[in-house]
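# Summary of structural features
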Amino acid sequence: MILKGNQRAGGRQMALHLLNGEQNEHVNVHEVSGFMAQDVLGALNEAYALSKGTKCKQFMYSLSLNPPQDEKVDIETFEKTLERVEQKLGLEGQPRVVVFHEKEGRRHAHCVWSRINTDEMKAVNISHPKLKLNDVSKSLYLEHGWKLPEGFKDKTKKNPLNFTRAEWQQAQRVGRKASDIKSELQECWAISDTKTSFEHALREKGYFLAKGDKRGFVALDVYGEVYSLTRQLGQKAKALEARLGSAKELPSVREVKNSVQGQLSKLFDSYKDELRSVHNEKLKPLLADKAKLTNEHRSVRASLKEYQQQRWQAEELKRSARIRKGFKGIWDKLNGRYWKTRKRNEQEAWQAHLRDRKQQEELIQKQLTERQNLQTQIQLLRDTQEKERQALVRDLSHAAKHDEKSKHAHRSKTNTQSKNTQNTNVPNRQNRRDDDKGMDFEPEI
């Protein structure tokens, strides 16, 4: 299970992210504990209010728990993981919010703690959280027999396609996957050994090399998005300079954007909308199936929840009826019958809770399997469409490059003709013959 955490502020923004039902097909508020409020937004606003009594700015600690893609992980494993994280980071007993998200047939969890210790009115100091989270994560893989990521075996072999939230948001703006963008740029770097070959490889993928304002070497795509090459390639600036030379010799981002707009904007704008329309039409039936399946799953879960609530209320009435009142109740306390009955009720209530949670978990796992089957079809189509998009960008890049060479050749020819005209007012036969050759773009028959 991959664990990623960070200290942060912005309680309202965090609550909106946790409750986002547009990007997530199912959102389940699993726990709100330690707060006066019983809802996520109220709880995080409460944490913010408490932080105003201290000097702490980043008053929350947010953690995401992402299990392996092909593994079925139950809620109990998530809960035990949170206990271990609390012990490692010193967050035991702190108020927290736990929310489960489901998307594309996968389930992951988010936990947000308040860092404010109300007894001492100061923030819990969290030292070396990344190292501690990595220790917990690695131990989970080993204990559950999950396939250990290469990065845990050898730090130099960590997944090169990992991306930050900012990179994910950037990819969302252009309707692509952050991992696909990073993979393309790393492929260009791997197959090139000089600046020229790297630029050519980038152009094949629809990227252009430029000098960043603050980040040295960057790449621009046909949408105008800027990607830091040190971050995308996982290479240090010295390694880039050794192969590409000084970044000062490259055109600026503004210059490349103007060039790209002049070369590709008309071509790309005319074709990308048409291709996107075709892709959307092909995806429409599968997306309709996805929406239908999501609604069906939500309906079934709501029905199960309502049934369990009604059953719980009926069982509670039955348990409460065992506790006698009045004089008989006093006598039961004296002879010990009351305490035996109370213990029995508590055990039955706990078993009923476990039963209900097991039913919910079985239903969720069944629905996740159904959703994964549909997601496989969607992903296959998206992979095909991504290849078509890459082919379009490659072809248009070639067309733009050919157009640029033609314009350059035309400018050179025009300058030559202008010089010849200035040298003599009446061109001789040789000049006329040279001019004819210069203007003859058709092959001789």
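Residues numbered from 1 in each chain as written. Predicted model: local features only at pLDDT ≥ 70, side-chain atom pairs only at ≥ 80, totals over all residues. Heavy atoms only, no water.

## Observations concerning the overall build of the protein chain
Across its full length, the protein chain holds 14 helices and 10 strands. A fraction of 70% describes how many contacts in the protein chain between residues 6 or more apart in sequence connect residues 24 or more apart. When the accessible surface of the protein chain is totalled, it reaches about 27900 Å², and 50% of it is carbon and sulfur. (Helix = DSSP H or I, 4+ residues; strand = E, 2+ residues; numbered from the N terminus. Contact = heavy atoms within 4.5 Å. Areas by Shrake-Rupley, 256 points an atom, 1.4 Å probe, with all protein chains shown as cover.)

## As for the packing of aromatic side chains
In this structure the tally under the stated criterion is seven aromatic pairs. Aromatic pair Tyr141 and Trp146: ring centres 5.6 Å apart, planes at 85°, arrangement edge-to-face. The lysine or arginine in question, Arg319, covers the ring of Trp312, its NZ or CZ lying 5.1 Å from the ring centre. The lysine or arginine in question, Lys333, covers the ring of Tyr338, its NZ or CZ lying 5.0 Å from the ring centre. (Phe/Tyr/Trp six-rings, centres within 6.5 Å; stacked < 30°, edge-to-face > 60°. Lys NZ or Arg CZ within 6 Å of the ring centre and 35° of its normal.)

## Brief notes about helix α1 (residues 11–18)
Looking only at α1, the buried set comprises Gly11, Met14, Ala15 and Leu18. Looking straight down α1, one finds its buried side chains confined to an arc of 100°; they lie on one side. Seen from the open side of α1, the exposed residues pointing more than 90 degrees away from its buried face are Gln13 and Leu16. Each element contacted by the buried residues of α1 is listed here: β1 (2–8), β2 (26–33), α2 (40–51), β3 (60–66), β4 (96–103) and β5 (106–114). (Buried < 20%, exposed > 50% of the residue type's maximum accessible area, 1.4 Å probe, protein only. Arc of directions from axis to C-beta.)

## Observations concerning the layout of surface pockets
Size it by volume and the second largest pocket reaches roughly 910 Å³. Elements represented by at least two residues in the lining of the second largest pocket include exactly β2, α3 (75–89), β4, α11 (253–321) and α13 (337–423). The element best represented in the lining of the second largest pocket is α11, accounting for eight residues. Across the lining of the second largest pocket, the residue classes tally to nine nonpolar, seven polar and nine charged. (1 Å grid on protein atoms, 1.4 Å probe; cavity = no way out; pocket = protein on both sides within 12 Å on 5 of 7 lines; lining within 4 Å. Points joined across faces, edges and corners; volume = space filled by probe spheres on them. Nonpolar A, V, L, I, M, F, W, Y, C, P; charged D, E, K, R; others polar.)

## Points about the environment of His26
Mapped onto the fold, His26 is located in strand β2. On a C-alpha basis, the gap between His26 and Thr294 in space is 8.1 Å, while along the polypeptide they are 268 residues apart. Setting aside chain neighbours within four positions, we find His26 in contact with Phe100, His101, Glu102, Thr294, His297, Arg298 and Arg301.

## Structural notes on the packing of α1 against α2
Put simply, α1 and α2 touch, their axes get as near as 9 Å, and they point 155° apart. In this view, α1 runs roughly antiparallel relative to α2, as classed from their interaxial angle. Considering how the two elements wind past one another, α1 and α2 form a crossing that is right-handed. Residues Gly11, Arg12, Met14, Ala15 and Leu18 of α1 pack against Val40, Leu41, Leu44 and Asn45 of α2. Class assignment of the residues belonging to the contact of α1 with α2 gives a composition of six nonpolar, two polar and one charged. (Axes fitted to C-alpha atoms, helices over the stretch in contact; angles between N-to-C directions. Parallel < 35°, antiparallel > 145°, perpendicular 65-115°, else oblique. Left-handed = near helix turned anticlockwise from the far one by under 90°.)

## Overview of the packing of helix α7 (residues 178–190) against helix α8 (residues 195–205)
Where α7 contacts α8, the axes come no closer than 8 Å and their chain directions differ by 150°. Comparing their axes, α8 and α7 come out roughly antiparallel. The interaxial crossing formed by α7 with α8 has right-handed handedness. Taken together, the residues of α8 that come into contact with α7 (itself represented by Glu184, Leu185, Glu187, Cys188 and Trp189) are Phe198, Ala201, Leu202 and Lys205. Of the residues assigned to the contact of α7 with α8, the class counts are six nonpolar, no polar and three charged.

## Notes on the confidence of the model for the protein chain
Of all residues in the protein chain, 79% have pLDDT values of 70 or greater, and the mean over the chain is 81. In this model residues 424–445 is a low-confidence stretch, pLDDT under 50, and it forms six contacts with partners more than four residues away in sequence or in other chains. (pLDDT = per-residue confidence, 0-100.)

## Overview of the sheet that holds strand β8 (residues 207–211)
The sheet built from three strands is open, its strands ordered β8-β9-β10 with antiparallel pairing. The sheet terminates laterally at β8 and β10 (226–228), the two strands that pair on one side only. Across the sheet, the axes of successive neighbouring strands diverge by a mean angle of 35°, strand direction being ignored. Set on the sheet, α7 makes contact with β8, β9 (217–221) and β10; between it and β8 the angle comes to about 75°. (Pairing = 2+ DSSP bridges.)

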